[in-house]
Amino acid sequence: MTIIQQYAQRGYKILRDAVHAAPLKDKVIGPDEFILRQGEEIQALYWITLGEYTMHYNAENGKTFSLGQRFVSDTIIGEIEYLTQTPSQFSVVAHESMTVKVIPLAMMDNILTSHVEVGVWLSQLLSTSYQRGMAKTMERFLQPLVFNIVADLYERYRQQKPLVDFSQVYREAERFGCSERTYRRVINQLIEEQYIQKVANEYVICDIDKFRQILTHSVRVG
């Protein structure tokens, strides 16, 4: 472990302990309610002890791109806007009911100016988020839609993540920046060619070896 990683870990612990020790106000967020709304100035940061949320970007032409659903624990929200003093770039929406701790901006100012380790942790957090986000964005734009959908399903299978609930198809279409109609066409193609099958509201892989061939073939073609 490098000295930077050690500082980052220490910084995260300092911030987490400070948040849990302080008499902060709790705010209850219901399902589909906003934690942050795109374009709004932030008045505070939020600490999610345990919860699930989605992030969305709405373009002026009406299209929506979703960064997907995230399950988190002891996570800060609003740190980018706080550091850059800009309005929220994305809408952060609660997937299920959750209670968040409200961190006043003045408290965050005090923690950051008193503990350099917290600043190191935030820097590492944002750098990692940037790298992962850019990698995923480049794949979304440079690879065919069918490849991106297959890669997403395969990644969930490989990491043994819960499968996405496809009962609301428009939410999945938003993750790939396409229309619901286009998304359904790709899914139906994969079903017809027996790569996946629908079980309840989920799509499961029929034959993992056959499924991998799509990814291998797409990479070679590209």
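Residues numbered from 1 in each chain as written. Predicted model: local features only at pLDDT ≥ 70, side-chain atom pairs only at ≥ 80, totals over all residues. Heavy atoms only, no water.

- Labelled according to an unreviewed UniProt entry, the protein appears under the name Putative N-ribosyl nicotinamide Crp family regulator, originating from Ewingella americana.

### As for the UniProt feature "domain: Cyclic nucleotide-binding" (unreviewed entry) in the protein
Next up, step 1: The positions that UniProt labels "domain: Cyclic nucleotide-binding" (unreviewed entry) are, in the present scheme, residues 3–112.
Next up, step 2: Helix and strand shares over residues 3–112 are 30% and 44% respectively, and the end C-alpha atoms of the span are 19 Å apart. (UniProt positions renumbered as here; feature names shortened; annotations may be inferred. Helix = DSSP H or I, 4+ residues; strand = E, 2+ residues; numbered from the N terminus.)

### Structural notes on the domain arrangement of the protein
Next up, step 1: What the domain assignment lists for the protein is domain 1 (1–135) and domain 2 (142–216).
Next up, step 2: Centre-to-centre, using C-alpha coordinates, domain 1 lies 29 Å away from domain 2.
Next up, step 3: Across the boundary between the two partners, domain 1 contributes 6 residues, which contact 5 residues of domain 2.
Next up, step 4: Of the roughly 500 Å² buried between domain 1 and domain 2 on both sides combined, carbon and sulfur atoms contribute 46%.
Next up, step 5: On the surface where domain 1 and domain 2 come into contact, there are 0 salt bridges.
Next up, step 6: The interface formed by domain 1 and domain 2 contains 0 residue pairs in polar contact (both at pLDDT 80 or more). (Domains from an automatic or database assignment. Contact = heavy atoms within 4.5 Å. Buried area = accessible area lost by both parts, 1.4 Å probe. Salt bridge = Lys/Arg side-chain N within 4 Å of Asp/Glu carboxyl O. Polar contact = N/O pair within 3.5 Å; in protein donor to acceptor, adjacent residues only side chain to side chain.)

### Things to note about the nonpolar core
Nonpolar side chains tend to gather and get buried jointly when the protein is soluble and globular.
Next up, step 1: In this structure, Leu 15, Ile 35, Ile 48, Tyr 53, Ile 76, Met 98 and Ile 103 are the most contacted members of the largest nonpolar core, which totals 33 residues.
Next up, step 2: Within the residue set of this core, elements represented by two or more residues are helix 1 (3–21), strand 2 (34–36), strand 3 (44–58), strand 4 (64–77), strand 5 (91–94), strand 6 (98–104), helix 3 (105–114) and helix 4 (116–142).
Next up, step 3: Here the element with the most residues in this core is strand 3; it accounts for 7 residues.
Next up, step 4: Not counting residues within four places of it along the chain, the set of residues in contact with Leu 15 comprises Trp 47, Ile 76, Met 108, Ile 111, Val 118 and Trp 121.
Next up, step 5: One finds Tyr 154, Tyr 183, Leu 190 and Ile 214 within the second-largest nonpolar core, a separate group that totals 20 residues. (Core = buried A, V, L, I, M, F, W, Y, C linked by side-chain atoms within 4.5 Å. Buried < 20%, exposed > 50% of the residue type's maximum accessible area, 1.4 Å probe, protein only.)

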